[in-house]
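A structural walkthrough
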Amino acid sequence: MDRDHQWSSTSYIKAYPLVVSHGRGAMLEDLDGNRYLDFMAGIAVASTGYAHPKVVAAISDAAGRFQHLCGTDFYSESMAVLMERLATLGPGRSKKRVFLTNSGTEAVEGAIKLVRSSTRRSDLIAFQGAFHGRSYGGMSLTSSKAKQRAHFGPFLPGVHHVPYPNPYRLETGGRDAGAFVLDLIRNDLFKRHLSPDDVAAVFVEPMQGEGGYVIPPAGFLAGLRELCDQHGILLVFDEIQTGAGRTGKMWAAEHAGVEPDVLLTAKGLGSGLPIGAIIAKESVMKWEAGSHGSTFGGNPVCCAAALATLDLLEGGLMDNARTMGEWLLTGLKGLQGRHEVIGDVRGLGLFIGIELVEDRRTKAPAKALAHELEQRLFQKGLLVLQCGESVLRMAPPLIIDEGDVDTALQVFDECLSETTR
Ligand code: PLP
């Protein structure tokens, strides 16, 4: 840790003093031999857990053959197979095409170019609380924490932020949060500020991640689809955190039964190896040869990891995420009944947020408590991570079992009692 502090970029923050030696399944062990039950999975990445034998075998086999051949300019079998697999797994019936990236941000950045070139329009709509990455395009769409944008401007022009339909927090005068936001876009934004004809796309997280693990009300995404169709606007789902099985289905879009024009994935797709994808309708992904590329995107070792991950997700892990998620959510709702500081518990599959408040009536975010609880949980061997203002997220590897869920609930209960005593 001392060496890290001496040499690392000062922009890094560390959630807690954990130095990992190795991992197995959902457990991590630090250099001192302490073991941790990991309910954050390197920020929703280690989907198949640590050192899954099938993923390790796929990676070793691919690495033993060749490690690189720029996929933009040359063919490789695993890249073609992965693109075919992702295109056919993409939600909805339309034929899709795929561009492979090294990260979530790179997928967002490519998608901004794609929607602009496809529509020949410039403007973009995104949501307050959204996180879409750290590059200029990604940052321009992001509206999560002011610190992430401070002193970095100017950003992309023509980006318009509207409220995210957060059912717990958005003041709507009793109206459905989704209908409220759609109405705001239709009757305020499009009437007073912005011609819909100038809008290339709406970028939305179908469930907000960094913004606090927020699930929008039923019907919102379908309403957004309708609004986009009405004005020839493309709909982009950023599923970088929600995708690859995390919510119990391959894509969060499937819960809403909505087909976006473009879907972005990364994080859990490669079980920790850096790979992401832009999955777009064929009618949209028609940019000219040479107009977009990437040296490392579609790296054969990463493609092998992604293919092995998809096999495991479809071979039972998505079902497990659904079952374990329900178990965990029920347990957490039980804890909410006994701990006043839990204002809200929400989630789908293993994408679960626990919002801590000072007072249930005012819903004032209990920021200090969220931090203290996160640190205490770490001390007791359970890894979780904050998001939003005062939310603790649980996003474990999708391989966890009942014993892991019960352990996590017990430790969470103990730490809550100790912190609020
Ligand atoms: N989009 C969403 C929804 C994310 O959660 C993240 C990362 O947290 C990103 C984009 C950026 O992805 P990456 O950190 O892989 O560049």
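Residues numbered from 1 in each chain as written. Predicted model: local features only at pLDDT ≥ 70, side-chain atom pairs only at ≥ 80, totals over all residues. Heavy atoms only, no water.

**Section: the sheet that holds strand E15 (residues 391-394)**
Stated precisely, the cut-off is as follows: Here, any two strands with at least 2 DSSP bridges between them count as paired. A run of DSSP states H or I qualifies as a helix once it reaches four residues; a run of E qualifies as a strand once it reaches two. Both are numbered from the N-terminal end. Fitted lines through C-alpha atoms serve as axes, helices being fitted only where they are in contact, and the angles separating the N-to-C directions of these axes extend from 0 to 180 degrees. In this analysis, two residues are considered to be in contact whenever any of their non-hydrogen atoms come within 4.5 Å of each other.
The antiparallel open sheet is built from four strands, whose spatial order is E11-E12-E15-E14. Every interior strand has two partners, whereas the edge strands, strand E11 (342-348) and strand E14 (385-387), have only one. Pairs of neighbouring strands in the sheet enclose a mean axial angle of 30 degrees, with direction left out of account. One ladder, built from six bridges, connects E11 with strand E12 (residues 351-356); its direction is antiparallel. Its bridge partner being in E12, Ile342 is matched across the sheet by Leu356. Strands in contact with helix H10 (residues 300-338) are E11, E12 and E15; relative to E11, the strand with the most contacts, it is inclined by about 170 degrees.

**Some remarks on the nonpolar core**
Which entries qualify depends on this criterion: Grouping buried Ala, Val, Leu, Ile, Met, Phe, Trp, Tyr and Cys residues that are joined through side-chain atoms within 4.5 Å yields what is termed a nonpolar core. Throughout, exposure labels follow a simple rule: accessible area from a 1.4 Å probe, protein chains only, divided by the maximum for the residue type, with under 20% read as buried, over 50% as exposed, and the rest as partly exposed. All the domain ranges listed were derived from an automatic or database domain assignment.
One finds Leu86, Leu332, Leu356 and Phe412 to be the most contacted residues of the largest nonpolar core, which totals 88 residues. Per element, the largest residue contribution to this core is 18 residues, and it comes from H10. For this core, the two domains that each supply at least three residues are domain 1 (2-51 + 316-420) and domain 2 (55-313). Residues within four places of Leu332 in sequence aside, it is in contact with Val345, Ile352, Ile354, Met394, Leu409 and Phe412. Residues Leu114, Ile278, Ala280 and Met285 belong to the second largest nonpolar core, which totals 25 residues.

**Notes on the site of the ligand**
Condition: To be near a molecule or strand, a residue needs just one of its heavy atoms within 4 Å of it. Here a polar contact means two N or O atoms within 3.5 Å. Within protein one must be a hydrogen donor candidate and the other an acceptor candidate, and residues neighboring in sequence count only if both atoms are side-chain atoms. Under the convention adopted here, Pro, Cys and the residues Ala, Val, Leu, Ile, Met, Phe, Trp and Tyr are nonpolar, Asp, Glu, Lys and Arg are charged, and Gly plus all remaining residues are polar.
Taken together, the neighbourhood of the ligand is formed by Ser103, Gly104, Thr105, Phe131, His132, Gly133, Glu205, Glu210, Asp238, Ile240, Gln241 and Lys267. With respect to the ligand, the backbone of Gly104 contributes an N or O atom lying 2.9 Å from an oxygen atom. Within the side chain of Gln241, a nitrogen or oxygen atom sits 2.8 Å from an oxygen atom of the ligand. In terms of residue class, the shell around the ligand is built from two nonpolar, six polar and four charged.

**As for the packing of helix H4 (residues 77-89) against H10**
What counts here: Orientation labels follow simple angle bins: below 35 degrees gives roughly parallel, above 145 gives roughly antiparallel, 65 to 115 gives roughly perpendicular, and whatever is left gives oblique. By definition, turning the near helix anticlockwise from the far helix through less than a right angle yields a left-handed crossing, and turning it clockwise yields a right-handed one.
One can describe the packing of H4 onto H10 by two numbers: an axis separation of 9 Å at closest approach and a directional angle of 40 degrees. One way to sum up the angle between H4 and H10 is to call them oblique. By crossing handedness, the relation of H4 to H10 is classed as left-handed. Along the contact surface, H4 presents Ser78, Met79, Val81, Leu82, Arg85, Leu86 and Leu89, while H10 presents Pro300, Cys303, Ala306, Leu307, Leu310, Asp311 and Glu314. Of the residues assigned to the contact of H4 with H10, the class counts are ten nonpolar, one polar and three charged.

**A look at the side chain of Thr48**
Here Thr48 shows up in the loop between helix H2 (41-44) and helix H3 (53-65). A relative accessible area of 2% places Thr48 in the buried class. Within the structure, the side chain of Thr48 is placed 2.6 Å from the side chain of Ser271, a separation counted as a polar contact.

**Details of the pattern of salt bridges**
As a reminder, the rule being used: Salt-bridge detection follows one rule: a side-chain nitrogen of Lys or Arg within 4 Å of a carboxyl oxygen of Asp or Glu.
Per the stated rule, a full pass over the model turns up 24 salt bridges. The salt bridge involving Asp261 is made with Lys281; its shortest N-O contact spans 3.0 Å. Separated by 20 residues along the polypeptide, Asp261 in the loop between helix H9 (253-256) and strand E9 (262-265) and Lys281 in strand E10 (residues 276-281) bring together distant segments of the chain. Exposure remark for Lys281: the relative accessible area of 14% places this residue in the buried category. Taken together, the salt bridges that share partners define one network made up of Arg169, Asp344, Arg346 and Glu355.

**Quick look at the domain arrangement of the chain**
What counts, and what does not: A 1.4 Å probe defines the accessible area here, and the buried area is the portion of it lost by two parts on being joined, summed over both.
What the domain assignment reports for the chain is domain 1 (2-51 + 316-420) and domain 2 (55-313). Each of domain 1 and domain 2 was reduced to a C-alpha centroid, and the two centroids are 25 Å apart. Overall, the association of domain 1 and domain 2 removes approximately 2800 Å² of surface from exposure, summing both partners, and the carbon and sulfur fraction of that is 58%. Among the residues of domain 1 in contact with domain 2, Met318, Leu348 and Phe351 are the three that bury the most area, contributing 26% of the side total.

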